[in-house]
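Structure assessment
Residue-level listing of the chains:
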Amino acid sequence: MRTQSPSASVGSSGCGSSESVQTALYGHHMEGQRLWEASAFPGILENCACCGRDPPPEKDWPRCARCGLRSYCSRQHQVESWKRSHSKTCGTGLPAPAGVRAASPEVLATLLGEFGRASIDLAAACCQRALAYKAVELNDLARADGVQCLLATMEANRTHPTLLRPACQLLLKLIARKVELEDGAHRWSFSATTWVCDDVVAKRLIAGGAVAALVSAASALPRNAAHCETCCAALGVFSSVSADGLAAVLGAQALQTIVSTMKLHAAQASVNHACCSALADALAADASAGIRAHAIPAILTAMRTHLRQPQIQAHGAIALTNAARGDAAALDAALQPRGIDEASRVVVDAMRAHLQQVVVQQCGIDALATLVSIASRLPARASRRGAARSALSASTAAAVVTAMHAHETSEEVQRHGSTAIAVLGVHDTACVARAGGARAAILALRAQPNVWEAAWGALHCLAGSSAEGRDAVLHAGGVEVLQEVMESGDPAMEGTATGKSRIELIQELLCMLTDSTPAAKTKIDAATVHC
């Protein structure tokens, strides 16, 4: 093996000036001591600087003939390292712990690229330093090729918890920022923190294989709850940031990892929140029946176990809705022994437990409407007949109506609720009528002009389904409200998405109601003549 005394000179500048790099390195070594004694990071001299490979027993790798501070397992790796960065940093010395703790983003990228593969401790120290950066400094780190260096370091040391935990935290911090948002300002806001993605950095991470690195890291430390939570949260951000990110998540079989994490850490609320959030977006694009069959029971278990956690209930309902938009028979089989009925009960319980949470109500309404629509496509089964099925339909309709009454000022709840009433009314008009579905739709029509068509659709569905539905619309004051709308002179009356004006739609609905009692017919005729 060939060794030389390290050069005291400073190499040419790489990422940043040579002086700034020098502040993070030892520029001198004591005579008579072995070189690795000058460094606080084990393995930095012995291991290959290109791939991180340990030297064989009783033997050292050859070192750089100029500085003697880099070892290489082969000539090819020495050439690769020289071309990549060592030609610019040869002779600058070894990293000092104090220098790493104060390193700038440019210097940190250089240290990761030069020493990260050889020393796990140094790579972990660099990640810890980067975790203290602010948003601007993180962007500087990404522009200085810090992303590529970090991913290469994780690839070379994929089973070491000392590195994987801070590295995955850094990946999550690079792709997204946690910010405080007021309730209603963001789709998943609960007056708490949420993720805001950095699209530019996300593209670099996706192209560099960050998704596969996260899946590998989660698989390497499956029993570390905090680590798995970080990995799943990052996978969720990747799946929502872009189509490329979602494709990377699906291609890396990340959903299997997320579902396994949920099962292994079923009692950990924070882990299940991150997993449900990740599944909410990913399941919308994944058509794999096998993944859905494993994901849906895990989602329901998380919602049952953590009933008092509104974030889990909201994201779980979204994930359930997206997972349910597939083959009805496969979904029913995945939910055995009680099938879709059990999923509906879980969602109803969530809505009852968090009546004041707008997001939970909105997501729960969507889930119930989807489940009822799918159940209608399945053949009748003994378990679905009789009083049990009727009670479930009644509780489902009651949950939707209660949500609409509790959040009269929420346009989204009124729109989704009116749509759900229309779906539920097709399958069980009697239950919807008894639960007050007609009155809820009328209140939505009166209070929220922007949800007019959804509310009209609910009333139209109820009136056209049965005599009981028509009576419910009449008893709820449907004629009077429709008359008010016709007399309002609202410019929006001119047209709708159906191609008809609102007056034409109202007249169509009034004609449907004429099949009810004679007294009702007299009232409708008077209203029509007046208009």
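The structure displayed is predicted, hence computed values, not measured ones. (Residues numbered from 1 in each chain as written. Predicted model: local features only at pLDDT ≥ 70, side-chain atom pairs only at ≥ 80, totals over all residues. Heavy atoms only, no water.)

Focus: the overall build of the chain
Of regular secondary structure, the chain possesses 28 helices and 4 strands. Residues counted as buried form 51% of the 531 residues belonging to the chain. Excluding contacts between residues fewer than 6 apart, the proportion of contacts in the chain whose partners are at least 24 apart in sequence is 70%. When the accessible surface of the chain is summed, it comes to about 22800 Å², and 52% of that surface belongs to carbon and sulfur atoms. (Helix = DSSP H or I, 4+ residues; strand = E, 2+ residues; numbered from the N terminus. Buried < 20%, exposed > 50% of the residue type's maximum accessible area, 1.4 Å probe, protein only. Contact = heavy atoms within 4.5 Å. Areas by Shrake-Rupley, 256 points an atom, 1.4 Å probe, with all protein chains shown as cover.)

Let's talk about helix H21 (residues 411-427)
Since one α-helical turn is 3.6 residues long, residues separated by three or four positions face the same way. For H21, which comprises 17 residues, the first-to-last C-alpha distance of 25 Å matches the rise-based estimate of 24 Å (1.5 Å per residue) to within 8%. Residues of H21 that are buried include every one of Val 413, Gln 414, His 416, Gly 417, Ser 418, Ala 420, Ile 421, Ala 422, Leu 424 and Gly 425, and no others. (Expected span 1.5 Å × (residues − 1).)

Points about the confidence of the model for the chain
Confidence in the prediction for the chain averages 78 pLDDT; 72% of positions are at 70 or higher. Low confidence marks residues 1-19, where pLDDT is under 50. Its contacts with residues over four positions away, or in another chain, come to 44 contacts. This stretch, residues 491-497, has a pLDDT under 50; its non-local contacts, to residues over four places away or in other chains, come to 15 contacts. (pLDDT = per-residue confidence, 0-100.)

Section: the pattern of salt bridges
This model, assessed by the stated rule, comprises 8 salt bridges. A salt bridge links Arg 158 to Glu 155; the nearest nitrogen and oxygen atoms lie 2.0 Å apart. Given the relative accessible area of 37%, Arg 158 is considered partly exposed. Close ionic contact of Glu 342 with Arg 304 constitutes a salt bridge, the shortest N to O distance being 3.4 Å. One end of the pair, Glu 342, is in helix H18 (residues 340-353); the other, Arg 304, is in helix H15 (residues 289-305), and 38 residues separate them in sequence. Salt bridges linked by common partners bring Arg 304, Glu 342 and Arg 345 together as one network. (Salt bridge = Lys/Arg side-chain N within 4 Å of Asp/Glu carboxyl O.)

Regarding the nonpolar core
Burial of nonpolar side chains together is a common tendency in soluble globular proteins. Counting residues in each nonpolar core, the largest one holds 145 residues, and the members touching the most others are Met 154, Leu 205, Phe 238, Leu 279 and Leu 283. Take this core: its biggest share by element is 11 residues, from helix H19 (residues 358-375). The contact partners of Leu 205, leaving out residues within four places of it in the chain, are Val 147, Leu 151, Leu 171, Leu 174, Ile 175, Ala 210 and Phe 238. (Core = buried A, V, L, I, M, F, W, Y, C linked by side-chain atoms within 4.5 Å.)

A few points about the side chain of Ser 119
Within the secondary structure, Ser 119 sits in the loop between helix H4 (105-115) and helix H5 (120-131). Overall, Ser 119 belongs to the buried group, its relative accessible area being 0%. Among residues more than four places away in sequence, those in contact with Ser 119 are Phe 41, Pro 42 and Ile 44.

A word on the packing of H21 against helix H23 (residues 437-447)
For the pair H21 and H23, the least separation of the axes is 10 Å and the interaxial angle reads 145 degrees. Judged by the sense of rotation from one axis to the other, the crossing of H21 with H23 is left-handed. The segment H21 lies against H23, with Gln 414, Ser 418 and Ile 421 engaging Gly 437, Ala 440, Ala 441 and Ala 444. (Axes fitted to C-alpha atoms, helices over the stretch in contact; angles between N-to-C directions. Left-handed = near helix turned anticlockwise from the far one by under 90°.)

So, the environment of Leu 150
Counting through the fold element by element, Leu 150 comes out in helix H7 (residues 146-156). For Leu 150, a relative accessible area of 1% translates into the label buried. Counting along the chain gives 20 residues from Leu 150 to Leu 170, while the straight-line C-alpha distance between them is 9.1 Å. With near-sequence residues (within four places) excluded, Leu 150 lies in contact with Leu 112, Cys 127, Ala 167, Leu 170, Leu 171 and Leu 174.

Quick look at the packing of H5 against helix H8 (residues 161-175)
Contact pair H5 / H8: the axes reach a minimum separation of 9 Å and the direction vectors enclose 30 degrees. Between H5 and H8, the angle is such that the two are roughly parallel. The hand of the H5/H8 crossing is left-handed. Listed contacts from H8 to Ile 120, Asp 121, Ala 123, Ala 124, Cys 127, Gln 128, Ala 130 and Leu 131 of H5 are Thr 162, Leu 163, Pro 166, Ala 167, Gln 169, Leu 170 and Lys 173. Here the residues of the contact of H5 with H8 sort into 10 nonpolar, 3 polar and 2 charged. (Parallel < 35°, antiparallel > 145°, perpendicular 65-115°, else oblique. Nonpolar A, V, L, I, M, F, W, Y, C, P; charged D, E, K, R; others polar.)

Considerations on unusual backbone geometry
Of note in this structure, Glu 58 is not a glycine but carries a positive phi near 60 degrees. Positionally, Glu 58 belongs in the loop between strand S1 (25-26) and helix H2 (75-89).

Side note on the environment of His 273
With respect to the secondary-structure elements, His 273 resides in helix H14 (residues 269-282). Residue His 273 is classed as partly exposed on the basis of its relative accessible area, which comes to 28%. Along the backbone, His 273 and Pro 310 are 37 residues apart, and their C-alpha atoms lie at a distance of 9.4 Å. Setting aside residues no more than four positions away along its own chain, His 273 makes contact with Gln 311, Ile 312 and His 315.

As for H8
An ideal rise of 1.5 Å per residue puts 21 Å on 15 residues; H8 measures up with 21 Å between its terminal C-alpha atoms. For H8, every residue scored as buried is listed here: Leu 163, Leu 164, Pro 166, Ala 167, Cys 168, Leu 170, Leu 171, Leu 172, Leu 174 and Ile 175.

Structural notes on the state of the cysteines
This structure, assessed with the given rule, holds 0 disulfides. Free of any disulfide, Cys 90 has its nearest cysteine sulfur in Cys 67, 3.8 Å distant. Since its relative accessible area comes to 0%, Cys 90 is described here as buried. A disulfide-free cysteine, Cys 232 has its sulfur positioned 3.6 Å from the sulfur of Cys 275, the nearest such atom. (Disulfide = S-S within 2.5 Å.)

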